[in-house]
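Each chain, letter by letter, is given below.
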Amino acid sequence: MDAEPNSQISIMRGESIRRAVLLGLILWVIPSLILASSWSDYLLDLILVLGGPVPHIVNALVLWVCVFGLAYAGRVAWVSRVLHKGRPVSVPVADVVASLSEQTRINLESQGFGSLDEDGLEAVSVGTRSVLRIGTRRELECLRQPDAFRFGVAHEFAHIGSGDPRTEEFLSAAYFAGSLFVIAAIGRIVFFSIADLIELGQLNIELATMWLGNLAGALIPNLVAFGLLIMLFLAERRSSRRLREFRADAIAMSLTGHDLADASAPNQELSRSSRFLSRVFSTHPERVDRSKALHSFRVVLRADQILFLLQSYFSATVLEMSLQLLFVMATPNISTFDVRLQHLVTMMDRTPVTVWAIIGIAFAVIALSQFLIVDRMAQVGREAGSTGLGIRLVGTAMLLAMLGGVFALSSSQAFYWQLSQVGWDIVQWAENEPDRLLLHLAMLSSSAAVSFGAMVTPVVADRLVARLALAFFPSIVLLLVGLAFYG
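Residues numbered from 1 in each chain as written. Predicted model: local features only at pLDDT ≥ 70, side-chain atom pairs only at ≥ 80, totals over all residues. Heavy atoms only, no water.

A. Examining the pairing of strand β2 (residues 121-126) more closely. Across the six residues of β2, five count as buried, placing the element largely inside the fold. Bridging between β2 and strand β3 (residues 129-135) involves six bridges; their strand directions are antiparallel. In the sheet register, V124 faces β3, and the bridge partner there is V131. (Buried < 20%, exposed > 50% of the residue type's maximum accessible area, 1.4 Å probe, protein only. Helix = DSSP H or I, 4+ residues; strand = E, 2+ residues; numbered from the N terminus. Pairing = 2+ DSSP bridges.)

Here it is in structure tokens:
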């Protein structure tokens, strides 16, 4: 296999693994925390019987793993069934696949599927098998447009080499489990609100107004938080798929010697509204964007930046959830800094292991998520520097890192509740919560600093020690700020 395609596939494989781990971590932790906060009484001893203040969270995390496992097994069973229905391909098609298998040293089966109008071309992996499924119309393309067909097959080889089909199966199961948990959390709020209304046994204007007010107070902050989370996940899913398509096109061009413009048939004409909807919601980029991406790194970078925002959102959310676990029982009313400090001192005397476990887990999770993104940022910084986009990209990455922190705080249920208790006076909230505010500012600024360091320091891409130092920097800053307040 040529050195350049081999290097590009290695980059794609690294991106695929890092994204899968980071998104899997986010889809595991945040929905589990959401479910634990909504169904805490049911989760206390659902699977594991534990003591302390966090058994409902542990059980939610374990339950997510069980749901994920069932969803993943279902996806694998479905893919296996689809592959069982495949049929042999024609000799010219088999020859093209065999030629690219020899060129890339990737073992890939091929099978046909569909009726005469089926034009699909997709790579699928299940178990130890990697299969290229080829629609009937695409088989005919092998004879009519051999360059276009070879380019398309090489594109799918790139996906197989980078492990994209396996990553997609993993993330699909993770998205299913995470979505189910979020729906369950919203469903509980609605269900028990309706149950309370039925229990009243009568309905008048005054009771209806009170019931709607209580429902809105509980539901609106959750819908804002969940809506923002879903929006970020959809944006990341779209951007990551587009990035994979751009990378696969570049590898296909290296393998075949053909540009996408030369190798592809014209797109079907779409109306202006259809083109707009396709650009906004489609996870598969249009051919014109794919063609531009082969010659402009700027197009590729646009598909990658949402990951930076999502990671900082996750880190800030872990910080916010940790603060809630430490101080949720401080007082049933608005707590002041002195009240929270005294509560923490009491917890340290009674349950020091629990306190340090919460701090330690948050420290490790934030560091892990930072490490996953630092490696990607270093690679992007290196590629952007060679194209003259380095400075602009660094500024964008730092802005996205800060914006993710703002999103995390603004989607916190505790933040909405505390703000509502002071009459939505943000200044009063800041006076009551100086520790929380400064910890979030420390998280925000340290994440921006990590983005800057990863993308402008060449040694980061080559030295594991440098990446680890940057990854642990936000956690260490948070620990020092916390000790300054509570130590």
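Now that the structure has been shown, the text picks up again.
B. The arrangement of the sheet that holds β3 in detail. An order of β1-β3-β2 is seen for the three strands of this open sheet, with the pairing classed as mixed. Because the sheet does not close on itself, it has two edges, and the strands there are β1 (109-113) and β2. Looking at each pair of strands side by side, their axes are set apart by 30° on average, direction ignored. Contacts from helix α3 (residues 55-84) reach β1, β2 and β3 within the one sheet, and its direction differs from that of β2 by about 125°. Against the sheet, helix α6 (residues 146-162) contacts β2 and β3, and its axis sits at roughly 25° relative to β2. (Axes fitted to C-alpha atoms, helices over the stretch in contact; angles between N-to-C directions. Contact = heavy atoms within 4.5 Å.)

C. A look at helix α14 (residues 337-350). Here α14 contains 14 residues, and its C-alpha end-to-end distance of 20 Å stays within 8% of the 20 Å for a straight helix at 1.5 Å per residue. Listed as buried for α14 are F337, R340, H343, L344 and M347. Considered in projection along α14, the buried side chains sweep an arc of 125° and stay on one side of the axis. Facing away from the buried side of α14 by over 90 degrees, the exposed positions are D338, D349 and R350. (Expected span 1.5 Å × (residues − 1). Arc of directions from axis to C-beta.)

D. Structural view of the pattern of salt bridges. In total, this model carries 13 salt bridges according to the counting rule given. For E168, the salt bridge goes to R244, with nearest N and O atoms at 2.9 Å. With E168 in helix α7 (residues 164-200) and R244 in helix α8 (residues 205-256), this pair connects stretches of sequence that are 76 residues apart. Among the salt bridges present, the one from D435 reaches R340, with a minimum N-O distance of 2.7 Å. Taken together, the residues span a long stretch of sequence, with D435 in helix α19 (residues 434-456) and R340 in helix α14 at a distance of 95 residues. One exposure class covers both D435 and R340, and it is buried. Linked through salt bridges whose partners overlap, the residues forming this network are E320, R340, E433, D435 and R436. (Salt bridge = Lys/Arg side-chain N within 4 Å of Asp/Glu carboxyl O.)

E. Local environment of the side chain of T136. Structurally, T136 can be placed in helix α5 (residues 136-144). Assessed through its relative accessible area of 12%, T136 is described here as buried.

F. Geometry of the packing of aromatic side chains. Applying the stated criterion across every chain yields a total of eleven aromatic pairs. Each member of the aromatic cluster is reached from another via a ring pair, and the members are W28, W64, F68, Y72 and F170. The cationic tip of R133 hangs over the ring face of F113; the distance from NZ or CZ to the ring centre is 3.9 Å. (Phe/Tyr/Trp six-rings, centres within 6.5 Å; stacked < 30°, edge-to-face > 60°. Lys NZ or Arg CZ within 6 Å of the ring centre and 35° of its normal.)

G. Here's a closer look at the nonpolar core. If you look at the biggest cluster of nonpolar residues, it comprises 75 residues, and the most contacted ones within it are F233, Y313 and F314. Beyond its immediate sequence surroundings of up to four residues, Y313 is in contact with I30, A225, L228, L229, L232, G404, G405, F407, A408 and S411. I9, L121, A248 and A252 belong to the second-largest nonpolar core, a separate cluster that totals 25 residues. (Core = buried A, V, L, I, M, F, W, Y, C linked by side-chain atoms within 4.5 Å.)

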